[in-house]
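Each chain, letter by letter, is given below.
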Amino acid sequence: MTAGQARSGTERHEAPGPASDTAPGGGDGGRRDLADRPVSHAPLLVAAGAAALLVAAPLVLGPYPVTTATRILAFAVLVLSVDLLTGVTGLPTLGQAAYFGVGAYTAALVGIHVTADAAAQVIAACVAGLIAAAVTGWIAVRARGIVFFMLTLAIGESVHQVADTWSALGASNGLSGMPPIRLFGSPPLLAAGFVYWWVLAVAIAVFAAVTLVARSPYGRTLRGIRDNEPRMRALGYRTAAARYGVFCLAGAVAGVGGALWAAQARFVSPGDLGFEVAALALLSVVIGGAGSLWGPCLGAALVLIVRDNLSASLGGHGPLLLGLVFIAVVFLMPRGVAGLVGARRHPRTRTEIPS
Amino acid sequence: MTSATTPISATTPILELRRLTRSYGSLTAVDQVDLSVVPGERHALIGPNGAGKSTLFATVAGTLRASAGRVVFSGQDVTDLPESERVRRGMVRTYQHASLFLDCSVLDNVALAVQRAHRVAYRFDRPARRFRATQAAARRHLDTVGLAGRQYDKAVALSHGERRQLEVAMVLAAGPELVMFDEPTAGMSAAETERFVALVQRLPQTLTILIVEHDLDVVFRLADRVTVLHLGRVLASGTPPRIRADEAVRRAYLGSAKTEDLFIDAGEPQ
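In this text, all values refer to a predicted model and were calculated from it rather than measured experimentally. (Residues numbered from 1 in each chain as written. Chains lettered and ligands numbered in written order. Predicted model: local features only at pLDDT ≥ 70, side-chain atom pairs only at ≥ 80, totals over all residues.)

### Observations concerning the overall build of chain A
Part 1 of the argument: On a plain count of helices and strands, chain A comes out with 13 helices and zero strands.
Part 2 of the argument: Walking chain A from its N terminus toward its C terminus, one meets helices and strands in the order α-α-α-α-α-α-α-α-α-α-α-α-α.
Part 3 of the argument: Burial status across chain A gives 48% buried among its 355 residues.
Part 4 of the argument: Within chain A, counting contacts between residues at least 6 apart in sequence, those at least 24 apart form 76% of the total. (Helix = DSSP H or I, 4+ residues; strand = E, 2+ residues; numbered from the N terminus. Buried ≥ 20, exposed ≤ 12 C-beta atoms within 10 Å, placed from the backbone. Contact = placed C-beta atoms within 7 Å.)

Here it is in structure tokens:
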């Protein structure tokens, strides 16, 4: 019925493959998660095109849309970390906003007290997110399913509470006075477009890194855990260690997102790491298609545009619109935006192979 | 395939159960079972329904904890080790109902087993397909079980029999010294059973096999030694001809459900 079955008919007659990794019959019929299938160059071209458009955006857009786009990119990095846990490893989480917040506060503190160098801020935030996740994740990964989900919620709320009450962090007023970022000894970057390009460069680097993780043997290990964790143990895997590893990795990614967020806003408040942010990040993953990485980035754009830009013109009913979008996605496209692309590619593959 | 450790002399058992017991509350499903399997042996575990085969199997594999007694593998006491640690020492099991990664490709299923044995399961510096030795080994194992042509299909697209073949490939890929089959031919067609038996017969003689099986025809074709369980205890243990002739074994099977009449046919001298 599926393209896969249609293809197998032709493949079965091939000589049982030698160890060549460039196997014949290259079409990659929209099947997800096949880390080892022959590579098609179409996604690479699409990615290059998207990157080119993103790079060119500040040349045609005004400062306000560029600011919005910068925020979307920073948020998308947070969403990537959620997708790494939820989509790739099968661990739905509400805790990533906490590490995002840790990264944002770290970057702001480094900016205020140490250096305005953006790269240093990103590195510090990455390390801080990693450490925060390493400390809290040790408890969280012991649980699974709904208990894990609730633990991540508890972590998120605890960190939010700390940010909301700790005077050194400005408590509920937030942390302001962060100077504009500099890059490698440049003068302060005041123009929105320069900040955007920096954030874009880091976001693309993070996207590439997360994509590499997802396609690596470790990514395969994580998908194995998602699909059938008991079986992984029966193959000799120490699955708790593997889940802990990805939890730390996701914390580091979320921390980078926080630094990018702070670089643009130059102000961090407890609202940036609250439950709402965590929920919207998870919503972005669902809308975009869990596990595809690029889909959730589109989801992030949609969610942030509705919340920050459309909500005002809807009389403050942005959350209602997001709720409706969420319901529609769950019923109409359970695999999200990414699932639509996969579905569209299936029939094409079938016609490519004459039976 | 297996690491070149010091060869164990044929007389030293690779697997030894010492008064192994597993109870559920007041019910003792496995009762002080002693068993030893020497390297390279094909050992079958049979018994009427409710004899405790599955419980014994799960206790040896590590899915269930022993209530008393020891499990010794390659001279090491593994009784208190979790399943994953036993697998790392070379005790690998299959599942009665094929347990696969259905949303992953057939090749990925096997590669998951290989990459753990190759110690690259946590690497993320390169895409998986660049780990050529791992990919090649996975394809070789798929070839062994006759699934080479389906490597890019998702496991969910495989038929029941093909899923069992994939299970075998995964077990072989995990680098086992002892393979434990849990009712491998249950639900297979006659042709699929035939293919399975041929596959097991082709496995390297260095591999030790413990097999729990209902189909006594399969048992007597594959096993060098057979252990019969009855009510949680070892009723008899010996070569297939001796087990066929054993009076106590016949009585145990006759006394249980009628479906076991099969055993009488298998037991008749040819």
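### Regarding the overall build of chain B
Part 1 of the argument: A count of helices and strands for chain B gives ten helices and ten strands.
Part 2 of the argument: A compact globule built from 270 residues should have a C-alpha radius of gyration of about 18 Å, and chain B, at 19 Å, falls within 12% of that.
Part 3 of the argument: Each principal axis of the C-alpha atoms in chain B carries an extent, and together these give about 60 × 40 × 40 Å.
Part 4 of the argument: Expressed as a percentage of its 270 residues, the buried residues of chain B come to 49%. (Rg over C-alpha atoms; globule rule 2.2 N^0.38 Å.)

### Structural notes on helix α1 (residues 53-61) of chain B
Residues and elements named next belong to chain B.
Part 1 of the argument: Counting buried residues in α1 gives seven out of nine residues, a clear majority hidden from the surface.
Part 2 of the argument: Among all positions of α1, only Lys53, Thr55, Leu56, Phe57, Thr59, Val60 and Ala61 are buried.
Part 3 of the argument: Looking one or two residues past α1, Gly62 carries a phi angle of roughly 100 degrees, positive in sign.

### Some details on helix α8 (residues 217-234) of chain A
Residue and element names in this part refer to chain A.
Part 1 of the argument: The terminal C-alpha atoms of α8, which comprises 18 residues, lie only 18 Å apart, well short of the 26 Å expected from a rise of 1.5 Å per residue.
Part 2 of the argument: Considering bend angle alone, the principal kink of α8 is centred on Asn228 and spans about 125 degrees; proline Pro230 follows within four residues of it.
Part 3 of the argument: Across the 18 residues of α8, 16 count as buried, placing the element largely inside the fold.
Part 4 of the argument: One or two steps after α8, the chain reaches Gly236, where phi turns positive at roughly 95 degrees. (Expected span 1.5 Å × (residues − 1). Bend = angle between axes of the 7 residues up to and from the residue.)

### Brief notes about the pairing of strand β8 (residues 208-212) of chain B
Residue and element names in this part refer to chain B.
Part 1 of the argument: The buried fraction of β8 amounts to five of the five residues, a majority that puts the element mostly inside the structure.
Part 2 of the argument: Pairing geometry for strand β3 (residues 42-46) and β8, over four bridges, is parallel. Residue pairing in the sheet places His43 in a bridge with Leu210 of β8. (Pairing = 2+ DSSP bridges.)

### Describing the packing of helix α3 (residues 106-117) of chain B against helix α5 (residues 160-173) of chain B
Residues and elements named next belong to chain B.
Part 1 of the argument: Relative to each other, α3 and α5 sit at 20 degrees, their axes nearing to 8 Å. Between α3 and α5, the interaxial angle falls into the category roughly parallel. The way α3 lies across α5 gives a crossing that is right-handed. Only Leu166, Ala169, Met170 and Ala173 of α5 make contact with α3, whose side of the interface consists of Val106, Asn109, Val110, Ala113, Val114 and Ala117.
Part 2 of the argument: A breakdown of the residues in the contact of α3 with α5 according to their chemical character gives nine nonpolar, one polar and no charged. (Axes fitted to C-alpha atoms, helices over the stretch in contact; angles between N-to-C directions. Parallel < 35°, antiparallel > 145°, perpendicular 65-115°, else oblique. Left-handed = near helix turned anticlockwise from the far one by under 90°. Nonpolar A, V, L, I, M, F, W, Y, C, P; charged D, E, K, R; others polar.)

### Focus on the sheet that holds strand β4 (residues 68-73) of chain B
Pairing between sheet strands relies on hydrogen bonds along the backbone, with the strands arranged either parallel or antiparallel.
All names here are of chain B.
Part 1 of the argument: If you trace the four strands from one edge of the open sheet to the other, you get β2-β1-β4-β5, paired in antiparallel fashion. Each edge of the open sheet carries a strand with a single partner, namely β2 (27-37) and β5 (76-77).
Part 2 of the argument: In the sheet, strand β1 (residues 15-24) pairs with β2 via seven bridges, with the strands oriented antiparallel. Across the sheet, residue Ser23 finds its bridge partner in β2, namely Thr28.

### Overview of unusual backbone geometry
Residues and elements named next belong to chain B.
Part 1 of the argument: Even without a glycine there, the phi angle at Gln32 is positive, about 50 degrees.
Part 2 of the argument: By the secondary structure assignment, Gln32 is in strand β2.
Part 3 of the argument: Overall, Gln32 belongs to the partly exposed group, with 15 C-beta atoms counted inside 10 Å.
Part 4 of the argument: In this structure, Leu231 takes a positive phi of about 50 degrees despite not being glycine.

### Examining the environment of Arg266 of chain A
Residues and elements named next belong to chain A.
Part 1 of the argument: Mapped onto the fold, Arg266 is located in the loop between α9 (239-265) and α10 (275-288).
Part 2 of the argument: Accessibility expressed as a C-beta count within 10 Å gives 18 for Arg266, which makes it partly exposed.
Part 3 of the argument: For the pair Arg266 and Tyr99, spaced 167 residues apart in sequence, the C-alpha separation works out to 18 Å.
Part 4 of the argument: Non-local contacts of Arg266, meaning those with residues more than four positions away in its chain, are made with Met178 and Pro180.

### Some remarks on the nonpolar core
Part 1 of the argument: By size, the foremost hydrophobic cluster in this structure holds 186 residues, and its most contacted members are Val77, Leu80, Val253, Val256 and Leu260 of chain A together with Ala173 of chain B.
Part 2 of the argument: With residues near it in sequence (within four places) discarded, Val253 of chain A still touches Val77, Leu80, Ser81, Leu84, Val206 and Val210 of chain A. (Core = buried A, V, L, I, M, F, W, Y, C linked by C-beta atoms within 7 Å.)

### As for the sheet that holds β3 of chain B
Residues and elements named next belong to chain B.
Part 1 of the argument: Judged by pairing direction, the sheet is mixed, and its six strands sit side by side in the order β6-β7-β8-β3-β9-β10 without closing on themselves. Lying at the two open borders of the sheet, with one neighbouring strand each, are β6 (91-93) and β10 (233-238). Ignoring which end each strand starts from, the neighbouring axes of this sheet average 20 degrees apart.
Part 2 of the argument: Here β3 runs beside strand β9 (residues 225-230); their pairing, made up of four bridges, is parallel. When the sheet's bridge partners are listed, Leu45 is paired in β9 with Thr227.
Part 3 of the argument: Along the sheet, α1 makes contact with β3, β6, β7 (178-182), β8 and β9, crossing β7 at roughly 150 degrees.

### A few points about the environment of Leu64 of chain B
All names here are of chain B.
Part 1 of the argument: By the element assignment, Leu64 lies in the loop between α1 and β4.
Part 2 of the argument: Overall, Leu64 belongs to the partly exposed group, with 18 C-beta atoms counted inside 10 Å.
Part 3 of the argument: When the C-alpha atoms of Leu64 and Leu102 are compared, they prove to be 25 Å apart, with 38 residues separating the residues in sequence.
Part 4 of the argument: Among residues more than four places away in sequence, those in contact with Leu64 are Arg22, Thr55, Ala58 and Thr59.

### Here's the deal with the packing of helix α4 (residues 132-144) of chain B against α5 of chain B
Residues and elements named next belong to chain B.
Part 1 of the argument: Two elements in contact, α4 and α5, have axes separated by 9 Å at closest approach and are oriented at 135 degrees. Our classification of the angle between α4 and α5 gives oblique. Two packed elements cross with a definite hand, and for α4 against α5 that hand is right-handed. Where α4 approaches α5, its residues Ala137, Ala138, His141, Leu142 and Thr144 are matched on the opposing element by Ala169, Leu172 and Ala173.
Part 2 of the argument: Residue composition of the contact of α4 with α5, grouped by class: six nonpolar, two polar and no charged.

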